[in-house]
Each structure stands twice: as C-alpha cells, then as structure tokens.
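Inside the fold
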Amino acid sequence: MRLLTILLFIVLSIAALLLPWLIKEPDVKVRDQSVTAHLPAIPEVEVKRDLPDFMSMTDVTEKKEEFFRFLLPLVEAENIRILHDRAYLKAIYERYKNGELTAADKKQIEEWIDYYRLEDDIAIDDNLFGLLKRRIDIIPEMMVLVQAANESGWGTSRFSRKGLNLFGQWCYSKGCGLVPTGRVEGGRHEVAQFDSVNASVKSYMRNINTHGAYLDLRLLREQKRLNNADILARDLITGLSSYSERGEDYIEELRAMIRINRPIVERVSEELNPPPQPE
C-alpha cells in the first residue's frame, strides 16, 4: 500500500511538471478574421532587393511614373497591415474594458509595446491604449512617396542604390550603414542599410509613428480621427519640420512636390488598382 502511495505521488509530481508543456497557449498570430472583415486583405508583395535603374531614365515623367509604380504597392501594403493592427487594438480594448483580456491579448500588447517603443514596464490601462491608438495608424501614401523621392533623389542617391534607404534614415552603431560624405569629425551616425526596400518603408513608417520628433504629426492625425476627417498628406507634412535641418523650407518643398506629382500618382494608382468591372 505504501509503495502504491509512493508511485501515485511520483506520477502526480511528474504530471504537475509536464502540465505547462501539455497546455498549449493560444497562438497570438491566429486572429479573429471578423475583426478585419471590413478591410482589404493584407496583400502579399514581392520583396524588393534591388532598385530599378532610375539613373538611366532620361525622361522625367517616365522616371517619376516608374518610381511611384515601384514603391506604391509597398506603401499600400504596410498601411493595410497597420489598419489590421488598429482594428485588433480596438477589439482588444473592448475586452479590456469588460475585464476579459486573454493571454493572447496580453502577448499582443507586449509586442506592440516593443515595436512602438513604449516603456517596457508601462501598465495596461486606458493611457496605454490611448498611446497605442495614437501610434498604430497610417501614413498617407502621398506623403511617403514624395519624401522618398525627395530624400533619395528619385532613387538615384548613393544611399538608395547601395543601402536601399529611400528616406535618409540614420543609425548609430559602427558598421550599421554607409558613412556619409562630409560627416563631421567625431560623428557617429551612418546612413542605415536595409536588406530590402520593403524593410526601408517599414522602418520609415515605424519611425514616424514612434519618434518624439513627430509627436505633433501624430497629435494632428489623432485630431483628424476624432473629427472623422480624412488623413491627408498636405495636412500631416506640417509635422515633419524636424525631419530636415531645412525646417519650413523642407515642408514647402514637399508641398510643391505633392501639387506637381499628384496627377502622376493618381494615374499610377488607378493602373495598379483598377476598379472592379461590372459582371
């Protein structure tokens, strides 16, 4: 009898140790598709590891069209991904208000806290959801396109050709990128290199959505949301004065680029996203 008791104790002890491994946590990547049923599916876009030879294009309009045709699908895909996250954030917030947060919800919140560069020890409360809602939002395609064109010289700069960096983003660890010509003595910054143009776009949009220098842009966008107004490039670029040392002159240049290039972008967008044909 004593032997049986000992064996039973051993079996129960082993079961207790194995239980955490036997109970599978829900996969946070498996999401309720109904939450995003009103949104377009996130498109699968080709990973772009090279740029077209923009330097060889002598026709200005042709170069612009090709630049926008190349970049626009990547920007659209990233914005749709952000909108999906935004929809899931809203659903998780509703469960939080009802005291029904799941382990998967908490895991997802942790991932957002890390990706959107919030404090690791921040409490899960209304303030956190407010910060996430402000940061998990789209960047107007036109704004992304004209900044990419401006910062990369329409895809011809050394940093865009060699580092696939279309937005002039900096990094600060030695060897992280390309050393800019004329960097001041003792300077640490380099111009970041990316494995793909997709990664460059994603990094730029994350930067706009997280860096303190663009808080005014995010607050303006948040106010537009509260007013049920459209999120437009011509409005949000006022929050980019810290992006360039040129300040307001930089903003005015972007405004001019938007006015001049909008018809080309609209033409390319219609070509890439034709309206559905009637059956």
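**A few points about the packing of aromatic side chains**
Here the structure, examined in full by the defined rule, presents 13 aromatic pairs. Each ring, one from Y93 and one from Y96, has its centre 5.9 Å from the other, and the planes form 25 degrees; the classification is stacked. Within this pair, Y93 and its partner Y96 are both found in helix α2 (residues 60-97), separated by three residues, close to a single helical turn. The exposure class assigned to Y93 is partly exposed, which follows from its relative accessible area of 25%. Here Y96 falls in the partly exposed class, since its relative accessible area comes to 24%. Centre to centre, the rings of Y115 and Y116 are 5.0 Å apart; their planes meet at 75 degrees, and the pair counts as edge-to-face. One aromatic cluster in this structure is built from F54, F67, F68, F70 and W154. One residue, R206, lies across the ring of Y115, its end atom 4.5 Å from the ring centre.

**Focus: helix α7 (residues 197-210)**
For α7, with 14 residues, the first-to-last C-alpha span of 20 Å sits near the 20 Å given by 1.5 Å per residue. Most of α7 is tucked away, with ten of its 14 residues classed as buried. Those residues of α7 not exposed but buried are V197, N198, S200, V201, Y204, M205, N207, I208, N209 and T210. The inward-facing, buried residues of α7 contact α2, α3 (103-115), α4 (126-135), α5 (141-152) and α8 (215-226).

**Observations regarding the layout of surface pockets**
A volume near 840 Å³ is recorded for the largest pocket. Around the largest pocket, the lining is made up of 27 residues, and of these F167, G168, Q169, W170 and Y243 lie nearest the centre. Counting residues per element, the ones that place at least two in the lining of the largest pocket are α5, β1 (170-171), β3 (190-192) and α7. For the lining of the largest pocket, the element with the highest residue contribution is α7, accounting for three residues.

**Here we look at the nonpolar core**
The biggest cluster of nonpolar side chains holds 65 residues, and the ones touching the most others in it are L71, M143, V197, Y204, I208 and L240. When contributions to this core are tallied by element, the ones reaching two or more residues are α2, α3, α4, α5, α7, α9 (233-236) and α10 (248-272). The leading source of residues in this core is α2, at 13 residues.

What counts and what doesn't
Residues numbered from 1 in each chain as written. Predicted model: local features only at pLDDT ≥ 70, side-chain atom pairs only at ≥ 80, totals over all residues. Heavy atoms only, no water. Phe/Tyr/Trp six-rings, centres within 6.5 Å; stacked < 30°, edge-to-face > 60°. Helix = DSSP H or I, 4+ residues; strand = E, 2+ residues; numbered from the N terminus. Buried < 20%, exposed > 50% of the residue type's maximum accessible area, 1.4 Å probe, protein only. Lys NZ or Arg CZ within 6 Å of the ring centre and 35° of its normal. Expected span 1.5 Å × (residues − 1). Contact = heavy atoms within 4.5 Å. 1 Å grid on protein atoms, 1.4 Å probe; cavity = no way out; pocket = protein on both sides within 12 Å on 5 of 7 lines; lining within 4 Å. Points joined across faces, edges and corners; volume = space filled by probe spheres on them. Core = buried A, V, L, I, M, F, W, Y, C linked by side-chain atoms within 4.5 Å.

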